[in-house]
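# Coordinate analysis (summary)
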Amino acid sequence: MKKDKSAKPVTKPSEGLMDQKLSRRDILRLTGVGGLGLLLGGTGAGSIIAARKASEPAPAALAANADIIPFYGSHQSGILTPAQNFIVFAAFDLTTIKLAEVKQLLEAWTTAAAALTSGSLIGNVNDNPNLPPSDTGEADGLSPSKCTLTFGVGPAFFDGRFGLASKRPSTFADLPAFAGDALEPQWCGGDLCVQACADDLQVAFHAIRNLARIARGTAVLRWTQEGFQRTGGADPKGGTPRNLLGFKDGTGNPDVTDAAAMQEIVWSGSGDGPAWMNGGTYMAVRRVQLRVEVWDRSPLSDQENTFGRYRQSGAPIGAKDEFADLNLEAKDAAGRPVVPPNSHSALSHGDGSVKILRRSYSYSSGMNLKTGQLDAGLLFISFQKDLVKQFVSIQQRLAKSDMLNEYILHTGSAVFACFPGVREGGYIGETLLG
Amino acid sequence: MKFNYAVPAGLLAASILFTGCASNDNNNNNNSGNEAAAASSSNTASAPASTTAPAAADLTSAIEQYRNYVIEQCDEFVKMTESFTTAVKAGQLEEAKALYAPSRMHYERIEPIAEALGDLDPNIDARENDVDPADWRGFHKIEQALWQNGTTDGMSEVADQLLKDAQLLRAKVETTDIDATLLVTGAVGLLNEVSSSKVTGEEERYSHTDLYDFVANVEGAQKIYELLKPELAKKDPALDQTIGERFTALLNELAPFKSGDGYVSYETLKEDEIRKLSQNLDALAEPLSNMGTILGV
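Predicted, not measured: the structure shown is a model, and the values here were computed from it.

Let us look at the overall build of chain A. Regarding its fold elements, chain A presents eleven helices and eleven strands. Sorting the 434 residues of chain A into buried and exposed places 49% on the buried side. Here the contacts in chain A between residues at least 6 apart in sequence split such that 77% fall between residues at least 24 apart. For chain A, the computed accessible surface area is about 19,200 Å², with 54% contributed by carbon and sulfur atoms.

Tallying secondary structure elements over chain B gives 13 helices and two strands in all. For chain B, the share of sequence-separated contacts (at least 6 apart) that also reach a separation of at least 24 residues comes to 77%.

For the rest of this paragraph, the subject is the side chain of S413 of chain A. Residues and elements named next belong to chain A. Mapped onto the secondary structure, S413 falls in strand β11 (residues 408-418). Note on S413: relative accessible area 11%, which makes it buried. At 2.8 Å, the side chain of S413 and the side chain of R286 are in polar contact.

This next bit is on unusual backbone geometry. Residue and element names in this part refer to chain B. Of note, the phi angle at N129 is positive, near 85 degrees, even though the residue is not glycine. Looking at where N129 falls in the secondary structure, it is placed in the loop between α7 (120-125) and α8 (139-149). Given the relative accessible area of 66%, N129 is considered exposed. A positive phi angle is found at H208, which is not glycine, with a value near 55 degrees.

Residue and element names in this part refer to chain B. Residue-level pLDDT values for chain B average 83, and 80% of them are 70 or greater. For residues 1-57, every residue scores under 50 in pLDDT, and the model assigns this stretch 66 contacts once sequence neighbours within four places are set aside. Reported for the predicted complex are a pTM of 0.82 and an ipTM of 0.78.

On to the packing of helix α4 (residues 60-89) of chain B against α8 of chain B. Residues and elements named next belong to chain B. Where α4 meets α8, the closest approach of the two axes is 12 Å, and the angle between their N-to-C directions is 35 degrees. Our pair here, α4 against α8, has a crossing hand that is left-handed. Between α4 and α8, the contacting residues are F77, T81, F84 and V88 on the first element and F139, I142 and L146 on the second. Considering only residue class, the contact of α4 with α8 consists of six nonpolar, one polar and no charged.

Next up on the list: the state of the cysteines. All names here are of chain A. Throughout the structure, instances matching the rule amount to zero disulfides over all chains. For C147, which is in no disulfide, the shortest distance to another cysteine sulfur is to C197 and amounts to 8.3 Å. Given the relative accessible area of 1%, C147 is considered buried. This cysteine, C418, is not joined by any disulfide, and C193 carries the nearest cysteine sulfur, 5.0 Å off. For C418, a relative accessible area of 0% puts it in the buried group.

The next subject is the pattern of salt bridges. Enumeration over the complete set of coordinates arrives at 34 salt bridges over all chains. Close ionic contact of R358 of chain A with D249 of chain A constitutes a salt bridge, the shortest N to O distance being 3.2 Å. Separated by 109 residues along the polypeptide, R358 of chain A in strand β8 (residues 357-358) and D249 of chain A in the loop between β6 (219-228) and α6 (259-265) bring together distant segments of the chain. Given a relative accessible area of 25%, R358 of chain A falls into the partly exposed group. Beyond isolated ion pairs, a larger network of salt bridges with shared partners links R104, E108, E111, D125, R127, D130, E193, K198, E203, E204 and D213 of chain B.

Another point: the pairing of strand β4 (residues 148-153) of chain A. Residue and element names in this part refer to chain A. Counting buried residues in β4 gives six out of six residues, a clear majority hidden from the surface. Residue alternation in β4 divides its side chains into two sets, T148, T150 and G152 and L149, F151 and V153, and both sets are buried. Inspection of the sheet shows β4 paired to strand β5 (residues 192-198) by six bridges, in the antiparallel sense. Bridging across to β5, T150 finds its partner in Q195. With two bridges connecting them, β4 and β11 associate as antiparallel partners. Within the sheet, the bridge partner assigned to G152 lies in β11 and is C418.

On the side of chain A, eleven residues touch chain B, which itself brings 13 residues to the contact. Carbon and sulfur atoms supply 49% of the area buried between chain B and chain A, which totals about 1,100 Å² over both sides. Scanning the region where chain B abuts chain A turns up two salt bridges. If you look at where chain B meets chain A, you find three residue pairs in polar contact (both at pLDDT 80 or more). With four residues, helix α13 (residues 271-288) of chain B is the single largest residue contributor to the side of chain B that touches chain A.

Taken residue by residue, chain A gives an average pLDDT of 88. The fraction at 70 or more is 85%. Considering only residues more than four positions removed or in separate chains, one finds that residues 1-63 of chain A, a stretch of pLDDT under 50, has 84 contacts.

This part covers α4 of chain B. Helix length check: α4 of chain B, at 30 residues, gives a terminal C-alpha distance of 43 Å against a target of 44 Å (1.5 Å per residue), a fit within 8%. G91 of chain B sits one or two residues past α4 of chain B and shows a positive phi near 75 degrees.

In terms of strand pairing, strand β9 (residues 361-367) of chain A meets strand β10 (residues 374-384) of chain A through five bridges, oriented antiparallel. Bridging across to β10 of chain A, Y361 of chain A finds its partner in L379 of chain A.

Attention now moves to the nonpolar core. Membership of the largest hydrophobic core comes to 77 residues, with the highest contact counts inside it found for Y66, F84, L169, F214 and M291 of chain B. Those residues within four positions of M291 of chain B in sequence are excluded, and the remaining contacts are L131 of chain A together with V184, A187, I224, Y225, L228, L232, L239 and I243 of chain B. Judged by nonpolar contacts, the second largest core, of 70 residues, contains A113, F178, L378 and F391 of chain A.

Residue and element names in this part refer to chain A. You can see L244 is positioned in the loop between β6 and α6. In the structure, L244 is positioned 87 residues away from K331 in sequence and 30 Å away in space, judged by C-alpha atoms. Aside from chain neighbours lying at most four places away, what touches L244 is F228, L290, V292, S362, Y363, A376 and G377.

A few words now on the packing of α4 of chain B against helix α5 (residues 93-109) of chain B. Residues and elements named next belong to chain B. One way to put it is that α4 packs onto α5 with a least axis distance of 8 Å and a crossing angle of 160 degrees. What the angle tells us is that α4 and α5 run roughly antiparallel. The two elements α4 and α5 meet at a crossing, and its hand is left-handed. For the pair formed by α4 and α5, the contact residues are Y66, Y69, Q73, E76, F77, M80, T81, S83, F84, A87 and V88 on the first element and E95, A96, L99, Y100, P102, S103, H106, Y107 and R109 on the second. Taken together, the residues of the contact of α4 with α5 sort by class into twelve nonpolar, five polar and three charged.

So, how was this worked out
- Residue numbers restart at each chain and count upward from 1, following the sequence in its written direction.
- Each chain takes a letter, starting from A, and each ligand takes a number, starting from 1, following the order in which they are written.
- Predicted model: local features are reported for residues with pLDDT of at least 70 only, side-chain atom pairs are reported and counted for 80 or more only, and whole-chain, interface and lining totals are derived from all residues.
- Note that the side-chain values use all heavy atoms of the structure and ignore hydrogens as well as water.
- Put simply, DSSP H or I for four residues or longer makes a helix, DSSP E for two residues or longer makes a strand, and each gets a number counted from the N terminus.
- Three exposure classes are used, based on accessible area relative to the maximum for each residue type with a 1.4 Å probe and protein chains only: buried under 20%, partly exposed in between, and exposed over 50%.
- Residues are treated as being in contact if the distance between any of their heavy atoms lies within 4.5 Å.
- The method behind every accessible area is Shrake-Rupley, applied with a 1.4 Å probe, and residues are considered shielded solely by the protein chains displayed.
- By the criterion applied in these results, polar contacts are pairs of N or O atoms within 3.5 Å in which, for protein atoms, one can donate a hydrogen and the other can accept it, and in which residues neighboring in sequence qualify only through two side-chain atoms.
- Along the chain, pLDDT gives the predictor's confidence residue by residue, from 0 to 100.
- For every element, the axis is a line fit to its C-alpha atoms; helices are fit only across the contacting stretch, and the angle between N-to-C directions ranges from 0 to 180 degrees.
- A crossing counts as left-handed when the near helix is turned anticlockwise from the far one by less than a right angle, and as right-handed when that turn is clockwise.
- Only Asp, Glu, Lys and Arg are considered charged, only Ala, Val, Leu, Ile, Met, Phe, Trp, Tyr, Cys and Pro nonpolar, and every remaining residue, Gly among them, polar.
- Note on terminology: pairs of cysteine sulfur atoms within 2.5 Å are recorded as disulfides.
- Any carboxyl oxygen of Asp or Glu that lies within 4 Å of a side-chain nitrogen of Lys or Arg is treated as forming a salt bridge with it.
- Whether two strands pair comes down to DSSP finding at least two bridges between them.
- Throughout, the accessible surface (probe 1.4 Å) given up by two parts as they are put together, summed over both, is called the buried area.
- In this scheme, a helix's expected span is set at 1.5 Å multiplied by one less than its residue total.
- As used here, the term nonpolar core means buried Ala, Val, Leu, Ile, Met, Phe, Trp, Tyr and Cys residues forming a set that is joined through side-chain atoms within 4.5 Å.
- In this scheme, roughly parallel covers angles under 35 degrees and roughly antiparallel covers those over 145, while 65 to 115 is roughly perpendicular and the rest are oblique.

Take a look at the structure:
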């Protein structure tokens, strides 16, 4: 039973708008229930839509839907895509040693991903009473919620198992040890990764759950982490999100609409490495635990000096505007740098020549049973065309002397080569395995 | 798959007695669990005539063979339970401990059938907290006495009752209606049993003989698969092959835990070994759950 749920047009039964066809998103905007829906776990908004839908069925012609991020394309989505509200990240280990089965898995994942991102049910066995449905169903009737699925392979994929050692990009390897790392194996590595992002956590979870289900017998989950940002409902203007230390995080990110910059910073191009990665990118994932209790008793001035920015405005210390240039040469009356050289901003920035595209999420995993403290942190994710020249060089600076190190602990680490985009009829990883 | 044990066992027993004699030619005797089974024959019958011969008809032989298997396992189960309960009543602690897990294996192999028989499953196999303390009886009550209390004292009546329950099971299976749906869902039901309690070590909380149950559940599922295999291979050879391979993978994963005629204590398993067993089980159960494809829709 293939259902096309990409179209969610409904007609708002208010006088003036009677004839206008509105997407679900329009409805949310117009009625201002976006935030309410989130508070109600989505069901609030859903029931409002359902009520209108029942009384005012609308033609399905208005399929173009702001809630759908196209799955097919020259690059994978979920990289330049403005960060959705939620992430469910999953790293997998392959249990098969047959390359043909890996290929089958990626083909099956591609088919499923196209359905998942468009809001359709997976597979065609959803109405046979004798069989388990091929889609687990918890996203049935939900908006696609801008779901994106981004796939990659870890360095371990190129070990002896699949005969692909010669295809490994020369500098693609696990990250070197950084000073102060406290990595735990259960948060590290993986043969494959899937980054599922969506404006609804249930939609993102549904995607990972079904991909894991499809993988059974071929790959198993190695680790997963859910994450969140402030939602679009809570911040309709889409300001720079704040991390759980209360600071704006991402002010200095490059402009994803600048194609030249993205080519320079993010996308692997011809001559950058193996041809199969053309149009792909490399992902660094770090699970960074925040010592929030310690942070919470630090004076504001310490907090701001640690970041090199003002907490409220996000502006560099000494500046007024969040987006003001980080002036590392500025000195105060006593001749000391206005922005502390060991601040997180100053060290991340360096001389400004090396950039990465950050796309991080906060996480909260309840309470540490041992200490009774909050287990909260940052699922740091960045995309770059060269892990060593970009992420590693920045992280080495940070690991060595970042004032923030006092308040954070890197507990997880993984890198993945994210394939180029896939065209309809093709499959994820085709350039490598095809 | 488990029954809701919250229903007082006495009430269930009464309902079984009332309906038991009239129920044997259909599946209506069960208050839960078998509605699907009852419905399936009409589903199959209403399948379009253009499909190949009605699948249910093709399974007649498999169902008959499974019935024989169930009876055979029941016979062994009664025999072993008799030895076990005799040892308990004679105060032979070590003998009773040695017979406990092997006796249960015959039961665990056919658990879906036992569960379909209403209150027999809680009477035989309920764990503490599954039922009202006053109604708690069966294997696990004796298990607690043997391993936790280190004695057979006070277990004489429980042993007698258990043997009676085992004999009742044997009597009832003779007339139980086994249909294709029960067969198909029973296989994955057995593996779900493992997933829900055996793989976590919750089933045999005193004796830690969970691996016996684990293996027996898998063997019971494998028996069903083997009986359905000819039809499955016709209908969906790829699925048949996948299931076959994954049974092999899981059994290989279990092999290192053999010890003599039995299996090592669950307590000796390391965390990553448990996870691997669980993942192999999930890898098998997923395609196995699709065997319903042979029921033809």
